[in-house]
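# Coordinate inspection notes
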Amino acid sequence: MVVVVEKSLSVSMNARIIGSGTESMILAHGYGGDQSLWEKIIPYLTNHFRVIVFDWPFSGAVKDDQNLFDHENYSHNSYDAFANDLISLLDEIKVSSSSIFIGHSMSAMIGCIASVKRPHLFKRLILVGASPRYMNTDNYEGGFKKSEIENIIETIRTNFYDWAPKFASLVVDANDPLSVDKFAQSLRRMKPEIALSVAKTVFYSDERDVLEKVVTPCTIVQTSSDIVAPNSVAYYMQDKIKGDATVEIIDTSGHFPHLTAHLQLIEVLSRVLGFQY
């Protein structure tokens, strides 16, 4: 008889708690990433916060020995299942209410959805490179034409490992080749079928209706040039979010300021959250 011992969610998602602060701060990576992408900013945070990092089930850093990524669960063009995972994870590791959530890219909207489901879980949302919808419509600039998204999806389906480094070179500031390579390697660690499934969720989801339900104060952090999420998206979100929302523009290029402009990002965080570094 073989006894199968199920891992806890925190173990399966490689959750770690770092730091000596009394206030909890959650760092959630985006598509193609893993918790290592936060490494440059973590040392500036751990004296002030109890920092929680983890890997999403789609990440290549997760050992999928228990099929943690359930395609059926995550394939509904919505981040709802990810928000449920986030809440379950924080419940399991006993994160008290009124924590700070920093979400990059798709995780920004996951945090927004979680804040609607559990209104007192976060006292502030820091939304880095956020977008509620990536596809353009008649009255909305998401950044991508439908044909461009269809081309991305088809390329991931047919030639993922060649596509990954090319995508990395487009979305990470090219002036920082080490960071381009770091993201490319992280992206290539994803299983191609999982990368395709999550890409469909990201590019075809439309979470704009969530924004008017978000009452948690938000800081939207955007670089001055980001092909993934244009500046117009940041101001759209600021206008639609029900709670207090401000926009901070970092004068740099690319979708990953925590990799390529980490000191500027820390300056924004210290000012918004009131700590010295």
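See the structure above.
Residues numbered from 1 in each chain as written. Predicted model: local features only at pLDDT ≥ 70, side-chain atom pairs only at ≥ 80, totals over all residues. Heavy atoms only, no water.

### Side note on unusual backbone geometry
If you check the backbone angles, N14 has positive phi at about 55° while not being a glycine. Of note, S105 is a non-glycine position whose phi angle comes to about 55°, a positive value. Relative to the helices and strands, S105 resides in the loop between β4 (99-104) and α5 (106-117). A relative accessible area of 8% places S105 in the buried class. (Helix = DSSP H or I, 4+ residues; strand = E, 2+ residues; numbered from the N terminus. Buried < 20%, exposed > 50% of the residue type's maximum accessible area, 1.4 Å probe, protein only.)

### Some remarks on the pattern of salt bridges
Per the stated rule, a full pass over the model turns up 11 salt bridges. The partner of R157 in a salt bridge is E154, with the nearest N and O atoms 2.6 Å apart. Taken together, the positions of R157 and E154, both in helix α6 (residues 146-171) and 3 residues apart, correspond to about one turn of that helix. Accessibility expressed as a relative area gives 52% for R157, which makes it exposed. Look at E154 and you get partly exposed, because its relative accessible area is 37%. Look at the salt bridges and you will find they share partners, linking R133, D206 and R208 into a network. (Salt bridge = Lys/Arg side-chain N within 4 Å of Asp/Glu carboxyl O.)

### What to know about the side chain of R124
The residue R124 is located in strand β5 (residues 122-128) in this model. It turns out R124 is buried and unbridged, and the closest side chain with the opposite charge, D244, is 4.7 Å from it. Among the polar contacts made by the side chain of R124, one reaches the side chain of T219 at a distance of 2.9 Å. Contacts of R124, omitting those with residues within four sequence positions, involve S99, I100, F101, T216, P217, C218, T219, V272 and L273. (Lys, Arg positive; Asp, Glu negative; His and termini not counted. Polar contact = N/O pair within 3.5 Å; in protein donor to acceptor, adjacent residues only side chain to side chain. Contact = heavy atoms within 4.5 Å.)

### Describing α5
The first and last C-alpha atoms of α5 sit 17 Å apart over 12 residues, in line with the 16 Å expected at 1.5 Å per residue. The element α5 is extensively covered by neighbouring structure, given that 10 of its 12 residues are classed as buried. Every buried residue of α5 is listed here: M106, S107, A108, M109, I110, G111, C112, I113, A114 and S115. Where α5 is buried, its residues meet β2 (23-28), α4 (80-92), β4, β5, α8 (192-204) and α9 (231-240). (Expected span 1.5 Å × (residues − 1).)

### What to know about the nonpolar core
Residues Y31, L86, L127 and F183 are the most contacted members of the largest nonpolar core, which totals 76 residues. Ranked by residue count, the leading element in this core is α6, at 10 residues. Apart from the residues within four sequence positions on either side, Y31 is in contact with F58, M106, I156, W163, F183, L187, M190, A195, V198 and A199. With 21 residues, the next largest nonpolar core counts I41, I42, I102 and L269 among its residues. (Core = buried A, V, L, I, M, F, W, Y, C linked by side-chain atoms within 4.5 Å.)

### Section: the state of the cysteines
The full count for this structure, using the stated rule, is 0 disulfides. Lacking any disulfide linkage, C112 is separated from the closest cysteine sulfur, that of C218, by 5.1 Å. Among the residues examined, C112 registers a relative accessible area of 0% and is labelled buried. (Disulfide = S-S within 2.5 Å.)

### Quick look at the packing of aromatic side chains
A ring pair, where both rings are aromatic, is described by two values, the distance of the centres and the angle of the planes. Applying the stated criterion across every chain yields a total of 15 aromatic pairs. Here the aromatic rings of F49 and F275 are separated by 5.4 Å at their centres, their planes lie at 85°, and the arrangement is edge-to-face. Placement of F49 in strand β3 (residues 49-53) and of F275 in the segment after α11 (262-273) is noted, with a sequence separation of 226 residues between them. Relative accessible area serves as the criterion here: at 8%, F275 is assigned to the buried category. Judged by centre distance (5.1 Å) and plane angle (40°), the ring pair of F101 and F122 falls under tilted. Of the two residues, F101 is situated in strand β4 and F122 in strand β5; the sequence distance between them amounts to 21 residues. For the pair formed by F101 and F122, the shared burial category is buried. (Phe/Tyr/Trp six-rings, centres within 6.5 Å; stacked < 30°, edge-to-face > 60°.)

### Things to note about the packing of α6 against helix α7 (residues 177-188)
Where α6 contacts α7, the axes come no closer than 8 Å and their chain directions differ by 145°. Note that α6 runs across α7; the crossing there is right-handed. Here F160, Y161, D162, W163, A164, P165, F167, A168, S169 and V171 of α6 come into contact with α7, specifically with V180, F183, A184, L187 and R188. For the contact of α6 with α7, the per-class residue count stands at 12 nonpolar, 1 polar and 2 charged. (Axes fitted to C-alpha atoms, helices over the stretch in contact; angles between N-to-C directions. Left-handed = near helix turned anticlockwise from the far one by under 90°. Nonpolar A, V, L, I, M, F, W, Y, C, P; charged D, E, K, R; others polar.)

### As for the pairing of strand β6 (residues 218-225)
In terms of burial, β6 is largely enclosed, as 6 of its 8 residues are buried. Across 7 bridges, β6 lies against strand β7 (residues 245-253) in parallel orientation. Bridged to C218 within β7 is A245. Traced from β6 through α9 to β7, the parallel crossover comes out right-handed. (Pairing = 2+ DSSP bridges. Right-handed = clockwise from strand over helix to strand, strands pointing away.)

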